[in-house]
Amino acid sequence: MKKIICKRLVFLRFNPFVDTGGDQSFCLAILDRHNNGIVISSLHSRDQTRLYAKKVLTGKSEGQELSKEEKEAVIRAQKSWMYFITDYFLIFLTLNFTL
């Protein structure tokens, strides 16, 4: 099994809609040491919740434009510390939560 190294990880909560209460939506940026990775976003509204995943190469979106919140999560991830995810998916990290 191949080892995956996750260098940067940031979780950012936000409220994209004025008609919903609280910060129920989120972005999760997961990047390696070359700033390649993925941004996973969940947008929660009164009627539905949508989940999106966007590829990131060298700190920039590939193929799809990043939202303001996704860009912020990527920027914060680029400034965060090194974390590791091993073959056994044991996670040794301290998350950078914005609550």
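Residues numbered from 1 in each chain as written. Predicted model: local features only at pLDDT ≥ 70, side-chain atom pairs only at ≥ 80, totals over all residues. Heavy atoms only, no water.

Some details on the pairing of strand E2 (residues 25-31)
Inclusion rule: Relative accessibility thresholds used throughout: buried, under 20% of the residue-type maximum; exposed, over 50%; partly exposed, between the two (1.4 Å probe, protein chains only). Labels follow the DSSP assignment, with helices taken as runs of H or I lasting at least four residues and strands as runs of E lasting at least two, numbered in each case from the N terminus. Pairing between strands requires that DSSP locate at least two bridges from one strand to the other.
By the alternation rule, side chains of E2 split into Ser25, Cys27, Ala29 and Leu31, which are all buried, and Phe26, Leu28 and Ile30, of which none is buried. Examined bridge by bridge, strand E1 (residues 8-14) and E2 share seven bridges and lie antiparallel to one another. Its bridge partner lying in E2, Phe11 is registered against Leu28. Of the strand pairs in this sheet, E2 and strand E3 (residues 37-44) are connected by six bridges, and their pairing is antiparallel. Along E3, the bridge assignment pairs Phe26 with Ser42.

Some remarks on the nonpolar core
Stated formally: In this description, a nonpolar core means a group of buried Ala, Val, Leu, Ile, Met, Phe, Trp, Tyr and Cys residues linked to one another through side-chain atoms lying within 4.5 Å. The contact rule is simple, with two residues in contact once any of their heavy atoms fall within 4.5 Å.
Core analysis: the largest hydrophobic core is formed by 12 residues, namely Val10, Leu12, Phe14, Cys27, Ala29, Leu31, Val39, Val56, Leu66, Ala73, Val74 and Ala77. Breaking this core down by element, the ones donating at least two residues are E1, E2 and helix H1 (68-78). When near neighbours in sequence (up to four residues on either side) are disregarded, Ala29 contacts Arg8, Leu9, Val10, Ile38, Val39, Ala73, Val74 and Ala77.

So, the pattern of salt bridges
Defined as follows: For this document, the term salt bridge refers to a Lys or Arg side-chain nitrogen within 4 Å of an Asp or Glu carboxyl oxygen.
This structure, assessed with the given rule, holds three salt bridges. The residue Lys55 makes a salt bridge to Glu62 at a minimum N-O spacing of 3.9 Å. On the basis of relative accessibility, which here comes to 46%, the residue Lys55 falls in the partly exposed class. A salt bridge links Glu72 to Arg76; the shortest N-O distance between them is 2.5 Å. Of this pair, Glu72 and Arg76 both sit in helix H1, four residues apart, roughly one helical turn. A relative accessible area of 33% places Arg76 in the partly exposed class.

This is a description of form; function is not addressed.
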